[in-house]
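Here is how the chains run, residue by residue.
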Amino acid sequence: MAELRHSSSMGSRAVSSPRKRDEAASPLVTESHPDDDDDESHDRHSRDRVRLLLSNFQSMCPYFGEDSRFGPHNSKISLFLLALVLLAGLISIFSIVNRLNAPYLCQKDGIVLHCPRVKEPPSLWENPYSATTSWKPCAERRNGAISDVPPENETNGYIFIHAEGGLNQQRIAICNAVAVARIMNATLILPVLKQDQIWKDQTKFEDIFDVDHFIDYLKDDVRIVRDIPEWFTDKSELFTSIRRTVKNIPKYASAQFYIDNVLPRIKEKKIMALKPFVDRLGYDNVPSEINRLRCRVNYHALKFLPHIEKMADLLASRMRNRTGSSNPYMALHLRFEKGMVGLSFCDFVGTREEKALMAQYRQKEWPRRYKNGSHLWSLALQKRKEGRCPLEPGEVAVILRAMGYPKETQIYVASGQVYGGQNRMAPLRNMFPNLVTKEELASKEELDDFRKHVTSLAALDFLVCLKSDVFVMTHGGNFAKLIIGYRRYMGHRLKSIKPDKGLMSKSLGDPYMGWATFVEDVVVTHQTRTGLPEETFPNYDLWENPLTPCMCRS
């Protein structure tokens, strides 16, 4: 009995596991092999690792465990935490997608412009492709839209303006006149292009612009008539009588100013002239749809006459084929006429005789500003430091060469009579010999018809500059800002270089700066001054940067 008890106890210790006892008692279990033991050992170790991980996770996050101490309330907390984690993940994914789909847009930081980085190698002739694909024009006429123009008998009255100045100042005045007519629900009489005292030009609206297209394109926005209504018999009164003129409109007036101060007089008199009308409508103090309407006028409704467009296309084609094969070309707006040099009150390189003659000219034309001339030297230095002086032809040449443009570059020059003549132009022409004007591109016979109206010649310059691969301005003015704004509206691909004249005056005036350092300064400074998409800011200039009101994300 003792032996029997001993053997049974040994058996119970040897087969302690229920599974092994079953296997030992079962006739269906085959004899185990060493490999099977290894597999079982591996599975056991794997299960142990899983249990260890689960126990660690439960120790860190006890709410997810099976401990009875944590009840339904804690399960709700765990679900809440899980929801927060999922929400954070969704937000991060959304921000990443937004960043990937964000439009190409440069941001201002003081006077510095920061633009998105691109993988494209820098190009002399084009802006980055991503800048082109981010924005599209959206100020065109709405197809199939219901007209907002009330019946003729419900108009609040008629407004009449003189578009003063040169072609580009007149263009801006026309755009503003359409916008003001829309603000006051008035009818616009076709603007008169006032004779300019400098250009001595008597061009009429119909001599330069396509009137039918202008009226038809804007028919759903504003009612425009070609002439003063027949029932108004004394037409001369509209030009001369103060009773028919609104003269107290401040510069950059708001839309509300017109509604409160001008509209009542128009309702009373039925026909009123607005004079003067240069810059008499603001930008950020009018509704966005009014700014979009101004863009519609500028970029879509104001079309030059077909013969002007055709001649400009011919000049642009000749610029692109001057080398015998297709080549890009640059358009340079050179502002260095005698009037501009005199008005700037800046000091320029020249002989004593030239400077004495310029001093006499300034004293005669601007006696109040000239005074006795003693303060002009310090004024000239200050203006040059601030970048308010026109660039000389020689300075332009050095800057363009530093940017990397080679001697073979084809350059179309849009300019009046350069102060100093060929001597002043020599540095630019020596560095870039392929320098031409419209008079050199076209024959005398081809330009004879355009010489009847100085504005027509200005229109040719405007269009050839607009079609160029690269446009370079050298000083401010309506011509340059309209070109830059128009090229931005066309898609930002076309380079429009706006030199940093303040920094350039500092670099050009440093006698110790080497060429390599100067090139680096020029290239780095102008990487973002090429007409890229740029955010608008308070009191921005709509004509130079139409992005926010007139363009949409692609």
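Residues numbered from 1 in each chain as written. Predicted model: local features only at pLDDT ≥ 70, side-chain atom pairs only at ≥ 80, totals over all residues. Heavy atoms only, no water.

Chemist: I'd like a rundown of the overall build of the protein, residues and numbers included.
Modeler: Looking only at helices and strands, the protein has 25 helices and 15 strands in total. The contacts of the protein with a sequence gap of at least 6 include a subset with a gap of at least 24, amounting to 76%. When the accessible area of the protein is evaluated, it comes to approximately 31000 Å², of which 55% is carbon and sulfur surface. (Helix = DSSP H or I, 4+ residues; strand = E, 2+ residues; numbered from the N terminus. Contact = heavy atoms within 4.5 Å. Areas by Shrake-Rupley, 256 points an atom, 1.4 Å probe, with all protein chains shown as cover.)

Chemist: So what's going on with the state of the cysteines? Residues and values would help.
Modeler: The final tally for this structure, using the stated rule, is four disulfides. Note on cysteine connectivity: C138 is disulfide-linked to C552, with sulfurs 2.1 Å apart. On the sign convention where negative is left-handed, the bridge of C138 and C552, at about 95° about the S-S bond, is right-handed. Here C138, found in the loop between β3 (135-137) and β4 (158-163), pairs with C552, found in strand β15 (residues 551-553); they are 414 residues apart in sequence, far enough to count as distant. Owing to a relative accessible area of 29%, C552 belongs among the partly exposed residues under this scheme. Each sulfur of the disulfide joining C295 and C550 lies 1.9 Å from the other. Between C295 and C550, the S-S torsion sits near 70°, and that sign places the bridge as right-handed. Placement of C295 in helix α11 (residues 288-301) and of C550 in helix α25 (residues 547-550) is noted, with a sequence separation of 255 residues between them. Since its relative accessible area comes to 0%, C550 is described here as buried. (Disulfide = S-S within 2.5 Å. Buried < 20%, exposed > 50% of the residue type's maximum accessible area, 1.4 Å probe, protein only.)

Chemist: Tell me about the packing of α11 against helix α22 (residues 478-489), and please be specific about residues and values.
Modeler: Between two packed helices, what matters for the description is the angle formed by their axes and the separation of those axes. Between α11 and α22, the shortest axis-to-axis distance is 11 Å and the interhelical angle comes to 85°. With respect to each other, α11 and α22 are oriented roughly perpendicular. The segment α11 lies against α22, with N298, Y299 and H300 engaging L482, G485, Y486 and Y489. Here the residues of the contact of α11 with α22 are counted per class, giving four nonpolar, three polar and no charged. (Axes fitted to C-alpha atoms, helices over the stretch in contact; angles between N-to-C directions. Parallel < 35°, antiparallel > 145°, perpendicular 65-115°, else oblique. Nonpolar A, V, L, I, M, F, W, Y, C, P; charged D, E, K, R; others polar.)

Chemist: Hey, could you go over the pattern of salt bridges for me, with residue numbers and the actual values?
Modeler: Summed over all chains, the structure comprises 22 salt bridges. For R182, the salt bridge goes to D221, with nearest N and O atoms at 3.4 Å. On the criterion of sequence distance, the pair formed by R182 in helix α6 (residues 167-183) and D221 in the loop between α8 (211-217) and β7 (224-225) is long-range, its members being 39 residues apart. Residue classification places R182 among the partly exposed residues on the basis of a relative accessible area of 28%. Judged by its relative accessible area of 6%, D221 is buried. One network of salt bridges, with partners in common, ties together R141, D216 and K219. (Salt bridge = Lys/Arg side-chain N within 4 Å of Asp/Glu carboxyl O.)

Chemist: Provide a residue-level description of a nonpolar patch on the surface, including the pertinent values.
Modeler: A surface patch of nonpolar side chains, about 480 Å² in accessible area, is lined by F80, L81, L84, L87 and I91. On the secondary structure map, L81 appears in helix α4 (residues 72-101). (Patch = residues over 30% accessible without salt bridge, like charges linked within 9 Å, V, L, I, M, F, W, Y side chains within 5 Å.)

Chemist: Quick one: what's the story with the sheet that holds strand β12 (residues 435-436), residue by residue and with numbers?
Modeler: Taking strand neighbours across the sheet as the criterion, the five strands line up as β12-β11-β10-β13-β14 in an open arrangement whose pairing is parallel. With partners counted over all chains shown, the strands left at the sheet margins are β12 and β14 (495-497), one partner each. One ladder, built from four bridges, connects strand β10 (residues 330-333) with strand β13 (residues 470-473); its direction is parallel. Its bridge partner lying in β13, H333 is registered against M473. Contacts between α22 and the sheet are confined to β10, β13 and β14, with β13 contributing the most and set at about 150° to the helix. (Pairing = 2+ DSSP bridges.)

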